[in-house]
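Residue strings, one per chain:
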Amino acid sequence: MDDKPAIRTLLDFRFPLARREHAKSGVLSGYPKNHPVAKQNGPRTLTLPTPGMIAGKILEVEIGPMQAIVYQRYGSPDVLELEDIPIPTPAEGQVLIRVHAASVNPYDWHFLRGTPSFIRLFIGMRRPKFPRLGADVAGVVEAVGAKAARFKPGDAVFGTAKGSFAEYACAAASQLALKPQEISFEQGACLPIAGVTALQGLRDKGKVQTEQTVLINGAAGGVGTFAVQIAKSFGARVTACAAPEMSSFCGRSEQTK
Ligand SMILES: NC(=O)c1ccc[n+]([C@@H]2O[C@H](COP(=O)([O-])OP(=O)(O)OC[C@H]3O[C@@H](n4cnc5c(N)ncnc54)[C@H](OP(=O)(O)O)[C@@H]3O)[C@@H](O)[C@H]2O)c1
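For the structure given in this document, a descriptive report is provided here. These numbers come from a predicted model, not from an experiment.

## A word on the overall build of the protein
And step 1. In terms of regular secondary structure, the protein is built from eight helices and twelve strands.
And step 2. Considering the protein as a whole, with its 257 residues, one finds that 34% of them fall into the buried category.
And step 3. The contacts in the protein between residues at least 6 apart in sequence include a share of 63% that link residues at least 24 apart.

## Quick look at the site of the ligand
And step 1. As a matter of local geometry, the ligand sits amid 17 residues, with N105, G218, G221, G222 and A243 nearest to it.
And step 2. Taken together, the elements giving at least two residues each to the shell around the ligand come down to α4 (106–113), α7 (192–205) and α8 (222–233).
And step 3. Of the residues belonging to the shell around the ligand, the class tally is nine nonpolar, seven polar and one charged.
And step 4. In this structure, the shell around the ligand is formed jointly by two domains, domain 1 (6–190) and domain 2 (193–246), each of which donates at least three residues.

## Quick look at α7
And step 1. Taken as a whole, α7 has its buried residues at P192, I193, A194, A198 and L202.
And step 2. Each element contacted by the buried residues of α7 is listed here: α4, β7 (136–144), β8 (156–160) and α8.
And step 3. Of the residues one or two after α7, K207 is the one with positive phi, at around 45°.

How each quantity is defined
- Residues numbered from 1 in each chain as written.
- Predicted model: local features only at pLDDT ≥ 70, side-chain atom pairs only at ≥ 80, totals over all residues.
- Helix = DSSP H or I, 4+ residues; strand = E, 2+ residues; numbered from the N terminus.
- Buried ≥ 20, exposed ≤ 12 C-beta atoms within 10 Å, placed from the backbone.
- Contact = placed C-beta atoms within 7 Å.
- Near = placed C-beta within 6 Å.
- Nonpolar A, V, L, I, M, F, W, Y, C, P; charged D, E, K, R; others polar.
- Domains from an automatic or database assignment.

See below:
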């Protein structure tokens, strides 16, 4: 792909017909071209007209390539490539995020290896149907699709976005939350999958109550780290099981592994 971004009218770009209508009605929004953030981000910025700029004018978008981790076959991390691919466009209910941080989970490992085998029924039998990896993400909203108006360009967010190991990723607005100022993008990107897994296990399935005793096996891992803190916040007595060298990380401890 060329280094320079392709500049085309919106009408001959590859937006589907329905998307054109959204853009015309101003539902698809992003930084205007002369916005300081658009200028600062340079040619990789997705620049879409603001509603006010749309009426009666030829619409232009700049779509530059972005770098992303791509894989075309299942295997070890050796199958991963860093490639230039087009910046995705947010569908209905989605926002486009400029990725500041992404984190790695066992979840990504399953997608990389295509294991256990039955998941290939859903993600591609011989090769991955969606050749991108990554789920956990934190970043800044760059553009907002139709019916995702709870976010606006410039919002710092965290959550899950398919293909987050890239400079940009699209996420369902329902999978995102505003990032509290007190936490960094890196901290925000570590939270979603492991934190929600721990929360679902303890609160929704386990229905942990005050004064109950909870054993967290693997307490120094991604899920375990959150599980210890969440169980304690529910008032439970927590026994954390981890490798001896991680005992100080898990808090007061007798050796359990
Ligand atoms: N985060 C997710 O994507 C996610 C979502 C849903 C379910 N899960 C599942 O939840 C589990 C934990 O995920 P995670 O993200 O927390 O993984 P992780 O960060 O790799 O943590 C796993 C932890 O388990 C400990 N461990 C390994 N073998 C053990 C053993 N035989 N006895 C006791 N502890 C042992 C490890 O301790 P050492 O470091 O000392 O070896 C490590 O702290 C996995 O089974 C994963 O598949 C994960």
